[in-house]
Amino acid sequence: MTKRLIGFVAGAGFGAALILNSRGVKRGLAKAVVKGSKAATIASRHVMRVSSEMLEDFQDALAEARLEEETCQSIDPAEILASLRDFRQELDSVQSTSNPIVQ
């Protein structure tokens, strides 16, 4: 019962202090609201900028992943081996014609 009484007295005292200083409280609350709204506006601009940058990064990563997936599916290992063999033959023929003494 004493806790309730202490809480009641504390609440009543706080209410009385608010009523007696209502002009000062109103001014303080008004300043706090204005400053809070400015801070919220700045924070929201920052969040929007960061989120748009993150969206662009995710879109770039998604495009790269799709391109990589398409290239992996379109490349045939047999084609790569054939291209390497052809390149090796061309390289051997160029070396044999450029240095006939080395053979």
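In case you missed it, the structure is sitting above this.
Residues numbered from 1 in each chain as written. Predicted model: local features only at pLDDT ≥ 70, side-chain atom pairs only at ≥ 80, totals over all residues. Heavy atoms only, no water.

Caption draft 1: Layout of the overall build of the protein. Secondary structure summary: the protein contains 3 helices and 0 strands in total. Counting every position in the protein, which comprises 103 residues, the buried fraction comes to 0%. Here the protein has roughly 9700 Å² of accessible surface; of this, 64% comes from carbon and sulfur atoms. (Helix = DSSP H or I, 4+ residues; strand = E, 2+ residues; numbered from the N terminus. Buried < 20%, exposed > 50% of the residue type's maximum accessible area, 1.4 Å probe, protein only. Areas by Shrake-Rupley, 256 points an atom, 1.4 Å probe, with all protein chains shown as cover.)

Caption draft 2: Local environment of the pattern of salt bridges. Here the structure, examined in full by the defined rule, presents 2 salt bridges. A salt bridge links arginine 49 to glutamate 53; the nearest nitrogen and oxygen atoms lie 3.3 Å apart. Pair noted here: arginine 49 and glutamate 53 are both in helix H2 (residues 22-74), with a separation of 4 residues, about one helical turn. According to the relative accessible area criterion, arginine 49 is partly exposed, its value standing at 42%. Taking the shortest distance from any N to any O, the salt bridge between aspartate 92 and arginine 88 comes out at 3.8 Å. You can see aspartate 92 and its partner arginine 88 sitting in helix H3 (residues 77-98), 4 residues apart, about one turn around the helix. (Salt bridge = Lys/Arg side-chain N within 4 Å of Asp/Glu carboxyl O.)

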